[in-house]
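# A closer look at the structure
One-letter residues, chain by chain:
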Amino acid sequence: MRPGIFHTLCTLVAALAFTSNVLAEQVQVAVAANFTAPLQAIAAEFEQDTGHRVLASFGATGQLYAQIQHGAPFEVFLSADASTPAKLDSDGLGISGSRFTYAIGSLVLWSANPSYLDGSSAALMANQYRHLAMANPKAAPYGLAAREVLETLGLSAAVKGKLVEGQSISQTHQFIATGNAELGFVALSQVFKDGQLTGGSAWMVPAELHTPIKQDGLLLKKGEHNPAAAAFIEYLKGAKAAAIIKSYGYQL
Amino acid sequence: MPLTHADVAAVWLTLELASLTTVVLLLLGTPIAWWLARTDSRWKQPIGAIVALPLVLPPTVIGFYLLVSMGPHGVIGQLTQSLGLGTLTFTFTGLVIGSVFYSLPFVVQPLQNAFEAIGRGPLEAAATLRAGPWDAFFTVVLPLAKPGFVTASVLGFAHTVGEFGVVLMIGGNIPGKTQVASVQIYNHVETMEYAQAHWLAGGMLLFSFIVLLALYSGRSNKRIWQ
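Chain B appears in an unreviewed UniProt entry as Molybdenum transport system permease from Pseudomonas guineae. For the record of chain B, the UniProt heading Sequence similarities (unreviewed entry) holds the text "Belongs to the binding-protein-dependent transport system permease family. CysTW subfamily." Among the UniProt annotations of chain B, the heading Function (unreviewed entry) holds the following wording: "Part of the binding-protein-dependent transport system for molybdenum; probably responsible for the translocation of the substrate across the membrane."

As recorded by an unreviewed UniProt entry, chain A carries the name Molybdate transport system substrate-binding protein and is attributed to Pseudomonas guineae. For chain A, the Subunit (unreviewed entry) comment in UniProt is given as "The complex is composed of two ATP-binding proteins (ModC), two transmembrane proteins (ModB) and a solute-binding protein (ModA)."

The structure is reproduced here in structure tokens:
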């Protein structure tokens, strides 16, 4: 090997070593599907500000819970409810005292058709649709909230046979977005950005029709010694993240 | 037994779906397999490849295309709506259509092999005895291809029982309509109801083993199986 090439190679190796910054770590986050869009926005900012990398897995809260129970490598868990992180905490899989509320979710009845809903529950009560979509209440807290709304409105029996269930709130959104279900209950964050709907029509479900969707996060045992995991949680509690979270229609 | 009412309904629905799919596949697959076995057309390879696609495609691809095309803005959706049938997603009929696509190669390929193995000899002999083409098909081809039909039916049925991804994407998890056993197992696992998941999953495992065992035993006993 000629000295010139050898020198170039050494420089290259050194350069590669420097780009994978010694301080930069990676954090694996399990995220409830409703929080997909805000998390991606927050993660981008976080990566830029700290140099750490975020590896996010999105799914239904119940599904992620089952995965964590069985040794999934997640370090931070952002749930769509408060009870699942509490369960993980008492199972000994979380770091006690690390639980915190990162957002209060809003439920919305949404249709991809811009004229189907007029901002009220009229179309829901009229019951003229073929399919009403919601998330599986056993796996997704937004599905549970949707079921409570139907019960409160006395519609449970009337919509039976018309209900279609997505395995997560993402799949529920997909059923409605493709027009296969005329309307359905999704998270406001899925159809809302910067103060307005991103498309279709909606009815903002009044919060008193269901138990508040308090969304808690938790540092998991696997992330105990990862500085990036702690840094990410701190970042989530910060002003920059709060602004992003609010822009998707969450309360804080 | 810890099986709930919904579990039992899911098992029945699965058997119903698999039976109906197998019947449709035999009616649809036989002419396709016959054509593929006999033709010298330059379309033979492309059609054969299309039939085999579900062998290699992830079920999510089939599920995604079906969800979009059977929806109100899709090609199939527009057609069914103009016929007054509404859209087929989240319906049992929709699942049958999805399953027919999904299990097509499992029926067509064994039939095609059986037809090819018969060759032209027996049919030419039948023709010299003045048997018409339909007559020859029912009295000569069907009996000779019987093992092929048995394999095709068993594989088509069993593969439909094992279907998951397509149903998950177009089914909507409706008890008694689209909530089949494989989806019900997923529901149980997702919600940590492992006892029920075990019963259903164990049943599926046993069923699949028995089906394959019967198929392989039948094969080794019959010399007609090539």
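## Some words on the overall build of chain B
Tallying secondary structure elements over chain B gives eleven helices and zero strands in all. Mapped from its N terminus to its C terminus, chain B presents α and β elements in the order α-α-α-α-α-α-α-α-α-α-α. When its C-alpha atoms are laid out on the principal axes, chain B stretches across 65 × 45 × 30 Å. Per-residue burial for chain B yields a buried fraction of 43% across its 226 residues. Sequence separation of at least 24 residues holds for 72% of the intrachain contacts in chain B that already meet a minimum separation of 6.

## With respect to the overall build of chain A
Helix and strand content of chain A: nine helices and twelve strands. In terms of its C-alpha atoms, chain A occupies a principal-axis envelope of roughly 80 × 40 × 30 Å. Averaging the coordinates of the 16 positive side-chain charges in chain A and doing the same for the 18 negative ones gives two points 4 Å apart.

## Thoughts on the interface of chain A and chain B
In this complex, chain A contributes 24 residues to the contact, which on the side of chain B involves 26 residues. Residues Lys138 of chain A and Glu193 of chain B are paired through a salt bridge, measuring 2.9 Å at the closest nitrogen-oxygen approach. In this assembly, chain A and chain B are joined by eleven residue pairs in polar contact (both at pLDDT 80 or more). Residue assignment for the side of chain A that touches chain B shows that the elements contributing at least two residues are helix H3 (61-69), strand S7 (163-166) and helix H7 (169-177) of chain A. Element by element, the count of residues in the side of chain A that touches chain B is highest for H3 of chain A, at five residues. The residue inventory of the side of chain A that touches chain B, partitioned by class, reads eight nonpolar, 13 polar and three charged.

## Side note on the layout of surface pockets
The calculated volume of the largest pocket comes to roughly 580 Å³. What lines the largest pocket is a set of 24 residues, and nearest its centre among them are Pro137, Arg147 and Glu165 of chain A together with Asn173 and Pro175 of chain B. Of all elements in the fold, only helix H6 (141-152) and S7 of chain A together with helix H10 (181-190) of chain B reach the threshold of two or more residues within the lining of the largest pocket. A class-by-class count of the residues in the lining of the largest pocket yields eight nonpolar, ten polar and six charged. Within this model, the second largest pocket holds a volume of roughly 390 Å³. Those elements that provide at least two residues to the lining of the second largest pocket are H3, helix H4 (83-90), H6 and strand S12 (213-219) of chain A. With four residues, the top contributor of residues to the lining of the second largest pocket is H6 of chain A. Residue classes in the lining of the second largest pocket are distributed as twelve nonpolar, six polar and six charged. Structurally, the lining of the second largest pocket is a two-domain feature, drawing no fewer than three residues from each of domain 1 (3-104 + 213-247) and domain 2 (105-209) of chain A.

## A short note on the domain arrangement of chain A
Residue and element names in this part refer to chain A. Segmentation of chain A into domains returns domain 1 (3-104 + 213-247) and domain 2 (105-209). For domain 1 versus domain 2, the separation of C-alpha centres amounts to 29 Å. Between domain 1 and domain 2, the contact holds 13 residues from the first and 17 residues from the second. Between domain 1 and domain 2, the buried area comes to about 1100 Å², and carbon and sulfur atoms account for 60% of it. The three residues of domain 1 that bury the most area against domain 2 are Asn34, Ile213 and Ser247, which together make up 48% of that side's buried surface. Applying the counting criterion to the domain 1 and domain 2 interface returns zero salt bridges. When residues of the side of domain 1 that touches domain 2 are traced back to their parent elements, those giving at least two are H3, strand S4 (100-105) and S12. Looking at side-chain class alone, the side of domain 1 that touches domain 2 contains six nonpolar, six polar and one charged residues.

## Points about the UniProt feature "binding site: molybdate" (unreviewed entry) in chain A
All names here are of chain A. In the UniProt entry, the feature "binding site: molybdate" (unreviewed entry) is given for Thr61 and Ile169. These annotated residues cover 109 residues of sequence, but their C-alpha atoms sit close together, with the largest distance between any two at 9.7 Å. Here, the second largest pocket is lined by Thr61 out of the annotated residues. Inspection of the secondary structure puts Thr61 in helix H3.

## Here we look at the side chain of Ser79 of chain A
All names here are of chain A. Relative to the helices and strands, Ser79 is located in the loop between strand S3 (76-78) and H4. You can call Ser79 buried: its relative accessible area is 0%. Not counting the four nearest positions on each side in its chain, Ser79 is found in contact with Ala32, Thr61, Thr84, Pro85, Tyr102, Gln215 and Asp216.

## Regarding unusual backbone geometry
Excluding glycine, most residues fall at negative phi; most peptide bonds, likewise, are trans. Residue and element names in this part refer to chain B. Not every positive phi belongs to a glycine, and Phe90 is a case in point at roughly 65°. Positive phi outside glycine occurs at Asn173, with the angle close to 55°. Position of Asn173 relative to the elements: it lies in the loop between helix H9 (165-171) and H10. Given the relative accessible area of 6%, Asn173 is considered buried.

## Description of the nonpolar core
Counting residues in each nonpolar core, the largest one holds 55 residues, and the members touching the most others are Phe35, Leu78, Phe185 and Phe232 of chain A. The residue makeup of this core includes at least three contributed by each of domain 1 (3-104 + 213-247) and domain 2 (105-209) of chain A. Of all hydrophobic cores here, the second largest spans 52 residues; its members include Val186 of chain A together with Met70, Leu88 and Ala136 of chain B.

Cut-offs and rules
- Residues numbered from 1 in each chain as written.
- Chains lettered and ligands numbered in written order.
- Predicted model: local features only at pLDDT ≥ 70, side-chain atom pairs only at ≥ 80, totals over all residues.
- Heavy atoms only, no water.
- UniProt positions renumbered as here; feature names shortened; annotations may be inferred.
- Helix = DSSP H or I, 4+ residues; strand = E, 2+ residues; numbered from the N terminus.
- Buried < 20%, exposed > 50% of the residue type's maximum accessible area, 1.4 Å probe, protein only.
- Contact = heavy atoms within 4.5 Å.
- Lys, Arg positive; Asp, Glu negative; His and termini not counted.
- Charge placed at Lys NZ, Arg CZ, Asp CG, Glu CD.
- Salt bridge = Lys/Arg side-chain N within 4 Å of Asp/Glu carboxyl O.
- Polar contact = N/O pair within 3.5 Å; in protein donor to acceptor, adjacent residues only side chain to side chain.
- Nonpolar A, V, L, I, M, F, W, Y, C, P; charged D, E, K, R; others polar.
- 1 Å grid on protein atoms, 1.4 Å probe; cavity = no way out; pocket = protein on both sides within 12 Å on 5 of 7 lines; lining within 4 Å.
- Points joined across faces, edges and corners; volume = space filled by probe spheres on them.
- Domains from an automatic or database assignment.
- Buried area = accessible area lost by both parts, 1.4 Å probe.
- Core = buried A, V, L, I, M, F, W, Y, C linked by side-chain atoms within 4.5 Å.

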